[in-house]
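What the coordinates show
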Amino acid sequence: MGNPRASNPPSATDDGIGPDPVVPEQAIICAKCGQSNPPQEVKCIQCKKDLLPGLDAGQRACLFGCSTVVGIASLAAAVVIFMNKVEVDGKGMIYLAGLVIFGFLVFSVGAGYAVRKVPLHERYAQRAECHVEINPIQAIADYGSASKDAPRAITLVNLTKRAALCQKIGRSSEARSSWQQALEILTFQIEKLKLPDPELLIQRAELYRNLGLTDEATLEMLRYTIEKEASFKFKQDEIAMGVSEGWQKGTEDQARGELQKVRAELLMDKQYRIVGDCKQCRKTVALDQNLRCTNNLKHHQIRQIRAEKRS
Ligand SMILES: [Zn+2]
Ligand SMILES: [Zn+2]
């Protein structure tokens, strides 16, 4: 008992391409003494430390202590400012109230975290992170456990990490299965929203790509560029008034340029195109990489912009 596990002999990958990278046999490495424990162990066989800890007493005390100090310091600062009769006008009073609220918030959040029971999925995810380099098989198992009974957004992250790790060590079919599960969760999240969230679309494009679904990946990426641009406050040819609005327009124009570049690259493949309903042409028209009507670049009333595969 207690000897570090030997490496597995490499075997063929499940997609049949090349040998597996050499990975150590599954084991839980104790964070305290470094002992290699069989995966079913709950406590370290050498030092008896809990192998699936949440926060230990020291971390809880530190969290409570730090949040208390920051909370008291904020309140003290507010009192000192008030007592010294520094010119406190209406705006100043708002800042003072903000300082007091900040102090209470830091204290209550810190204290809350210090006493809470750490959910199982968080403990598995934490242990997985620690094993990514030293024992990827254990990390894969832990990311799998962390994906059960967790909020959807967290499950999505854990499944994606699990898939990447499986792929890295040559377990392609397990990677696919995790990406597939992640895709189902993400699709559910996207469909639940009234307005599309571009950041979720780009994540889904990545999952499609990982699953080898090229058409879906390309169309989703195009859709991302369209929705992202639609979320900008200023239109391309709009003039912004004022300093902060001008700054925002400048930032958006730069981002728009990047999106147009991505779009142009994707549209090099002539299988795909972007169309929209042009009010001036009174029909569905093909759009260019800048989402302009190709019949007349000055037409600007274009609705229902969408990407599609040419039939
Ligand atoms: Zn130990
Ligand atoms: Zn037109």
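Thresholds, definitions, all that
- Residues numbered from 1 in each chain as written.
- Chains lettered and ligands numbered in written order.
- Predicted model: local features only at pLDDT ≥ 70, side-chain atom pairs only at ≥ 80, totals over all residues.
- Helix = DSSP H or I, 4+ residues; strand = E, 2+ residues; numbered from the N terminus.
- Buried ≥ 20, exposed ≤ 12 C-beta atoms within 10 Å, placed from the backbone.
- pLDDT = per-residue confidence, 0-100.
- Contact = placed C-beta atoms within 7 Å.
- Axes fitted to C-alpha atoms, helices over the stretch in contact; angles between N-to-C directions.
- Parallel < 35°, antiparallel > 145°, perpendicular 65-115°, else oblique.
- Left-handed = near helix turned anticlockwise from the far one by under 90°.
- Nonpolar A, V, L, I, M, F, W, Y, C, P; charged D, E, K, R; others polar.
- Expected span 1.5 Å × (residues − 1).
- Pairing = 2+ DSSP bridges.
- Domains from an automatic or database assignment.

This part covers the overall build of the protein chain. Across its full length, the protein chain carries nine helices and five strands. Ordering the α and β elements of the protein chain from the N terminus gives β-β-α-α-α-α-α-α-α-α-α-β-β-β. Principal axes of the C-alpha set define a box for the protein chain whose edges measure 75 × 75 × 30 Å. Relative to its full complement of 311 residues, the protein chain shows a buried share of 23%.

The predicted coordinates of low-pLDDT regions are not to be read in fine detail. Mean pLDDT over the protein chain works out to 88, with 91% of the residues at or above the 70 mark. In the predicted structure, residues 1–14 sits below a pLDDT of 50 and forms 26 contacts with residues beyond four places in sequence or in another chain.

A word on the packing of helix α4 (residues 136–146) against helix α5 (residues 152–168). Put simply, α4 and α5 touch, their axes get as near as 9 Å, and they point 155° apart. Put simply, α4 runs roughly antiparallel to α5. The way α4 lies across α5 gives a crossing that is left-handed. Contact with α4, carried on its side by Pro136, Ala139, Ile140, Tyr143, Gly144 and Ala146, involves Asn158, Lys161, Arg162, Leu165 and Cys166 of α5 and no other residues of that element. Considering only residue class, the contact of α4 with α5 consists of seven nonpolar, two polar and two charged.

Here helix α8 (residues 214–230) crosses helix α9 (residues 243–267) at 155°, and the two axes come no closer than 10 Å. Taken together, the axes of α8 and α9 lie roughly antiparallel to each other. In terms of crossing hand, the pair formed by α8 and α9 is left-handed. Residues Thr218, Met221, Leu222, Thr225, Lys228 and Glu229 of α8 lie in contact with α9, whose contacting residues are Arg256, Leu259, Val262, Arg263 and Leu266.

Below, the discussion takes up helix α7 (residues 198–210). With 13 residues, α7 should reach 18 Å at 1.5 Å per residue; the first-to-last C-alpha distance of 19 Å fits that figure. Listed as buried for α7 are Leu201, Gln203, Arg204, Ala205, Leu207, Tyr208 and Asn210. Downstream of α7 by one or two residues, Gly212 has phi in the positive range, about 75°.

Next up on the list: the pairing of strand β4 (residues 283–287). Pairing between strand β3 (residues 272–278) and β4: five bridges, direction antiparallel. Residue pairing in the sheet places Cys278 in a bridge with Lys283 of β4. Linking β3 back to β4 in an antiparallel pair, the connection comprises four residues, with Arg282 at a positive phi of about 60°.

Further remarks concern the domain arrangement of the protein chain. Its domain assignment divides the protein chain into domain 1 (57–115) and domain 2 (214–309). The C-alpha centroid of domain 2 is placed 46 Å from the C-alpha centroid of domain 1.

Okay, α4 next. For an α-helix, 3.6 residues make a turn, and residues three or four places apart therefore share a direction. Across the 11 residues of α4, eight count as buried, placing the element largely inside the fold. Residues of α4 that are buried include every one of Pro136, Ile137, Gln138, Ala139, Ile140, Asp142, Tyr143 and Ala146, and no others. Summarising the contacts, the buried residues of α4 are in contact with β1 (28–29), α3 (120–131) and α5.

In the sheet, β3 pairs with strand β5 (residues 302–309) via six bridges, with the strands oriented antiparallel. Its bridge partner being in β5, Asp277 is matched across the sheet by Arg303.

Turning our eyes to something else, we now look at the sheet that holds β5. With respect to topology, three strands assemble into an open sheet ordered β4-β3-β5, the strand pairing being antiparallel. Either end of the sheet is taken by a strand with one partner, and the two such strands are β4 and β5. Between one strand and the next, the sheet's axes are offset by a mean angle of 30°, whatever the strand orientation.

A word on the environment of Leu51. Structurally, the position occupied by Leu51 is in the loop between β2 (36–37) and α1 (57–83). Between the alpha carbons of Leu51 and Arg292 there is a distance of 59 Å; along the sequence they are 241 residues apart. Apart from the residues within four sequence positions on either side, Leu51 is in contact with Ile28, Cys30, Asn37, Glu41, Val42, Lys43 and Cys44.

The backbone of Arg282 shows a phi angle near 60°, a positive value even though the residue is not glycine. Unusually for a residue other than glycine, Gln304 sits at a positive phi of about 50°. Mapped onto the elements, Gln304 comes out in strand β5. You can call Gln304 exposed: it has 9 C-beta atoms within 10 Å.

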